Amino acid sequence: MTSKIAVCTAVIATVGAIFSYMGGATQANAGIYKNNAAIKKTEASNQWNYFQSKSTKQALAEFARDTSSDERRQGWQDKVARYEQEKTEIQAAARKLEGESSRWDSQSDEQMHQHHRWAQATTVLQVSIALAAIALLTKKKWLERAMFGVAVAGLAVGVLAAFHV
C-alpha cells in the first residue's frame, strides 16, 4: 500500500504542477487581454472626443454660415460639409475601436473562467495529496480510496479546463 500511494502521490503532484502552470498562464493572458481592452477603450474615447470637437466646429461653422453675408455663405457651407464627412469617418473609427475593446474583454473573461477551472483542479489534486499523506499515516483503506476518488475528480476538472468548459 505504501509504495502504491507514494507513486500515485508523485504522479498527482506532477499533474497538479502542470495544472498550476496552466492556471497561471491563463490568468496572465486574462490580464493582458483586459489591458488590451482598456487601451482600445481609451483609443475609442479619444476618437469620440475628436468627434465632439468636430461637432463643435461644425456648429460654429453653421452659425457663421447662417449669420454671414451671401458671398461668404458658400465657404462656410463647404466647411460644414467637410466637418460632417470627417465626423462620419471618426465615428466609424470609434465604433470599430469599441468593438475591438469588447472582443478583448470577452477573451479576458474566457481566460479568467478557464483560470478558475485550472485553480479548482489544482486545489482538488492538493486535497488528494493531503488524503494520501493521511492514508499513509493511518493505514486506512477508505482514505486510500478517497484519495484516488478525489484525484480522479481533480483530473476531471482539469479536463474541463483544457476543453474550456
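None of the values given here were measured: they were computed from a predicted structure. (Residues numbered from 1 in each chain as written. Predicted model: local features only at pLDDT ≥ 70, side-chain atom pairs only at ≥ 80, totals over all residues. Heavy atoms only, no water.)

Draft legend 1. Just the overall build of the protein, in detail. Secondary structure assignment for the protein yields 3 helices and 0 strands. For the protein, whose C-alpha radius of gyration is 30 Å, the value lies well above the compact-globule estimate of 15 Å for 165 residues. Summarising its shape, the C-alpha atoms of the protein cover approximately 100 × 20 × 20 Å along the three principal directions. Of all 165 residues assigned to the protein, the portion counted as buried reaches 28%. Put simply, 81% of the contacts in the protein that link residues at least 6 apart link residues at least 24 apart. For the protein, the exposed area adds up to about 10,000 Å²; of that, 61% sits on carbon and sulfur atoms. Between the mean site of the 20 positive side-chain charges and the mean site of the 15 negative ones, the protein shows a separation of 15 Å. (Helix = DSSP H or I, 4+ residues; strand = E, 2+ residues; numbered from the N terminus. Rg over C-alpha atoms; globule rule 2.2 N^0.38 Å. Buried < 20%, exposed > 50% of the residue type's maximum accessible area, 1.4 Å probe, protein only. Contact = heavy atoms within 4.5 Å. Areas by Shrake-Rupley, 256 points an atom, 1.4 Å probe, with all protein chains shown as cover. Lys, Arg positive; Asp, Glu negative; His and termini not counted. Charge placed at Lys NZ, Arg CZ, Asp CG, Glu CD.)

Draft legend 2. Broad picture of the nonpolar core. Within the largest apolar cluster, 14 residues are counted, with the highest numbers of intra-cluster contacts made by Ile5, Ile12, Phe19 and Met147. For this core, the elements supplying multiple residues, two or more each, are α1 (2–67), α2 (70–138) and α3 (141–162). The biggest single contributor to this core is α2, with 6 residues. (Core = buried A, V, L, I, M, F, W, Y, C linked by side-chain atoms within 4.5 Å.)

Draft legend 3. Representation of the packing of aromatic side chains in the model. Within this structure, the stated rule accounts for 3 aromatic pairs. Ring plane angle 45° and centroid distance 5.4 Å describe the contact between tyrosine 33 and tryptophan 104, whose orientation is recorded as tilted. Of this pair, tyrosine 33 sits in helix α1 while tryptophan 104 sits in helix α2, placing them 71 residues apart in sequence. A relative accessible area of 21% means that tyrosine 33 is categorised as partly exposed. With a centroid separation of 5.5 Å and 80° between ring planes, the pair formed by tryptophan 48 and phenylalanine 51 is classed as edge-to-face. With tryptophan 48 and phenylalanine 51 both in helix α1 and 3 residues apart, this pair spans about one turn of that helix. Taking relative accessible area as the criterion, tryptophan 48 reaches 26% and is therefore assigned partly exposed. Judged by its relative accessible area of 17%, phenylalanine 51 falls in the buried class. (Phe/Tyr/Trp six-rings, centres within 6.5 Å; stacked < 30°, edge-to-face > 60°.)

Draft legend 4. View of the packing of α1 against α3. One can describe the packing of α1 onto α3 by two numbers: an axis separation of 11 Å at closest approach and a directional angle of 25°. Between α1 and α3, the angle falls in the class roughly parallel. At the point where α1 passes α3, the crossing takes the left-handed sense. Across from Lys4, Ile5, Cys8, Ile12, Val15 and Phe19 in α1, the residues of α3 making contact are Lys141, Glu144, Met147, Phe148, Ala151, Gly154, Leu155 and Gly158. Classifying every residue of the contact of α1 with α3 by side-chain character gives 9 nonpolar, 2 polar and 3 charged. (Axes fitted to C-alpha atoms, helices over the stretch in contact; angles between N-to-C directions. Parallel < 35°, antiparallel > 145°, perpendicular 65-115°, else oblique. Left-handed = near helix turned anticlockwise from the far one by under 90°. Nonpolar A, V, L, I, M, F, W, Y, C, P; charged D, E, K, R; others polar.)

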